[in-house]
Amino acid sequence: MAARHVLTILAVGDFPRAVAFYASAFGWRQIVDAPVYAEFELPGGLRLGLYERQGFGRNTGRVPARTPAGELAPVELYLHADDLDAAIERLRQAGARELSARSPRDWGDEAAYFADPDGNVLVLARPLAAGRRT
């Protein structure tokens, strides 16, 4: 199969809040600005879409379940950052909820875990230097 990943779309409860959060947290260029849908261009050509929950449901025929406040959605976005300290601080300043502090992980990355306002898990990571893997 010749399929390739180009776009991830998250259904969000408070659309304006989600757009503001992702713009502040990452500074990615917004390439679509519609009343219920926004899309950001990520480095490397991938895109991230944010869809207001009801609008998402119009496309799928079913509105996705809402993640209760304080809980986690079954989604994880795993992102590498060249300047991990700065990226972590930017997420904190944007209002992300810290789930797990930056630490070496068994798979060879140093990573910190956060949740966005809708409970989607965001991971900021970078590969550990050779010889530092746990």
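Residues numbered from 1 in each chain as written. Predicted model: local features only at pLDDT ≥ 70, side-chain atom pairs only at ≥ 80, totals over all residues. Heavy atoms only, no water.

A. Here's a closer look at the sheet that holds strand E6 (residues 97–104). Judged by pairing direction, the sheet is mixed, and its four strands sit side by side in the order E5-E8-E7-E6 without closing on themselves. A strand with exactly one partner marks an edge of an open sheet, and here the two such strands are strand E5 (76–80) and E6. Shown here is a sheet whose adjacent strand axes are inclined to one another by a mean of 15°, direction ignored. Sheet topology places E6 next to strand E7 (residues 109–115); five bridges connect them, and they run antiparallel. (Pairing = 2+ DSSP bridges. Helix = DSSP H or I, 4+ residues; strand = E, 2+ residues; numbered from the N terminus. Axes fitted to C-alpha atoms, helices over the stretch in contact; angles between N-to-C directions.)

B. Here's a closer look at the nonpolar core. With 27 residues, the main nonpolar core has Tyr 22, Phe 26, Leu 50, Leu 91 and Leu 124 as its most contacted residues. Secondary structure elements with two or more residues in this core: strand E1 (7–12), helix H1 (15–26), strand E3 (37–41), strand E4 (47–52), E5, helix H3 (84–94), E7 and strand E8 (121–127). Among the elements that line this core, the one with the most residues is H1, at seven residues. With residues near it in sequence (within four places) discarded, Phe 26 still touches Leu 79, Arg 90, Leu 91, Leu 122 and Leu 124. (Core = buried A, V, L, I, M, F, W, Y, C linked by side-chain atoms within 4.5 Å. Buried < 20%, exposed > 50% of the residue type's maximum accessible area, 1.4 Å probe, protein only. Contact = heavy atoms within 4.5 Å.)

C. Structural context of the packing of aromatic side chains. Counted according to the given criterion, the structure contains five aromatic pairs. Ring centres of Tyr 51 and Phe 56 lie 6.1 Å apart, and the angle between their planes is 80°; on these two criteria the pair is classed as edge-to-face. Residue Tyr 51 is classed as buried on the basis of its relative accessible area, which comes to 14%. Look at Phe 56 and you get partly exposed, because its relative accessible area is 22%. Here a set of aromatic residues connected by ring pairs shows up, and it is made of Phe 21, Tyr 22, Phe 26 and Trp 28. (Phe/Tyr/Trp six-rings, centres within 6.5 Å; stacked < 30°, edge-to-face > 60°.)

D. Quick peek at H3. Residues of H3 that are buried: Leu 84, Ala 87, Ile 88 and Leu 91. Seen end-on, H3 carries its buried residues on one side only, within an arc spanning 100°. Summarising the contacts, the buried residues of H3 are in contact with H1, E6, E7 and E8. Gly 95 sits one or two positions beyond H3 and adopts a positive phi of about 105°. (Arc of directions from axis to C-beta.)

E. Fine view of the pairing of E3. Where burial is concerned, most of E3 is hidden: four out of the five residues are buried. When strand E2 (residues 29–33) meets E3, the two strands line up antiparallel, connected through four bridges. Opposite Val 32, over in E3, you have Glu 39 as the bridge partner. Remark: three residues form the turn of the hairpin made by E2 and E3, two consecutive strands paired antiparallel. Sheet topology note: the E3/E4 ladder contains five bridges and is antiparallel. Within the sheet, the bridge partner assigned to Glu 39 lies in E4 and is Gly 49. Turn length for the E3-E4 hairpin, with the two strands adjacent in sequence and antiparallel, is five residues, and the turn residue Gly 44 shows positive phi of about 90°.

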